[in-house]
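Geometric and topological summary
So the chains spell out like this:
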Amino acid sequence: MATSAHASTALPMTISTGEGMFSMTVPDSDTTKSAYGGRLRVYDVHIAKMFEVTRWMCASGRLSPGTTWTYMADNSAANMGDFRISCELANDIAMAYGLGKPESTSVRVSYEESGSATKTWSIPILNITGGKIDRWMRFTSNFKPVR
């Protein structure tokens, strides 16, 4: 059962997958605003969620060797780019930052020729706290979309 502090780490977003590709659509038009009143931006949290989901999907054997995420802000009005995340990079990031408590994460899964279903998994979040915040923000500033 999620505690209120745990639930507060979740930002509004829609995650979808089909044929090994992922997409994240968020309502935010300004992804540079503070996520929780601190230094982390909404953008930093969105990128973290991409890594968390990728790492979990790889570790559970659902994904290999990685995926490309299409990131859409402002309810799909702003294309933020496509980000390629390999299972190896997702695992390296998890090792570097550590994993915190699992967060209930819903993903709309599209199946070839048979529609879609929303699956909810308990996925550990990256432990981006304290001294790791500046390091994560430097990483996300340098982690560029492939297109």
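Now for a quick tour of the structure. (Residues numbered from 1 in each chain as written. Predicted model: local features only at pLDDT ≥ 70, side-chain atom pairs only at ≥ 80, totals over all residues. Heavy atoms only, no water.)

Regarding its fold elements, the chain presents 4 helices and 6 strands. Traced from its N-terminal end to its C-terminal end, the chain shows the element sequence α-β-β-α-β-β-α-β-β-α. Compactness check: the chain gives a C-alpha radius of gyration of 15 Å against a globular reference of 15 Å for 147 residues, within 12% of the reference. Dimensions along the principal axes, computed over C-alpha positions, put the chain at roughly 45 × 30 × 30 Å. (Helix = DSSP H or I, 4+ residues; strand = E, 2+ residues; numbered from the N terminus. Rg over C-alpha atoms; globule rule 2.2 N^0.38 Å.)

Taken together, the 6 strands give an open sheet; going across it, the order is β4-β3-β2-β1-β5-β6, and neighbouring strands pair in mixed fashion. Where the open sheet ends on each side, the last strands, each with one partner, are β4 (78-86) and β6 (116-126). Between one strand axis and the next, the sheet turns through 25 degrees on average, direction left out of account. As paired strands, strand β1 (residues 14-18) and strand β5 (residues 99-110) are joined by 3 bridges and run parallel to one another. Bridging across to β5, I15 finds its partner in V107. Most of the contacts of helix α3 (residues 87-97) go to β4, to which it runs at about 90 degrees, and overall it touches β3 (66-73), β4, β5 and β6. (Pairing = 2+ DSSP bridges. Axes fitted to C-alpha atoms, helices over the stretch in contact; angles between N-to-C directions. Contact = heavy atoms within 4.5 Å.)

So, about the state of the cysteines. The final tally for this structure, using the stated rule, is 1 disulfide. Here C58 pairs with C87 through a disulfide, and the sulfurs are 1.9 Å apart. With the S-S dihedral at roughly -75 degrees, the linkage between C58 and C87 falls on the left-handed side. Remark: C87 occurs in helix α3 and C58 occurs in helix α2 (residues 42-59); sequence separation between them is 29 residues. Among the residues examined, C87 registers a relative accessible area of 14% and is labelled buried. (Disulfide = S-S within 2.5 Å. Buried < 20%, exposed > 50% of the residue type's maximum accessible area, 1.4 Å probe, protein only.)

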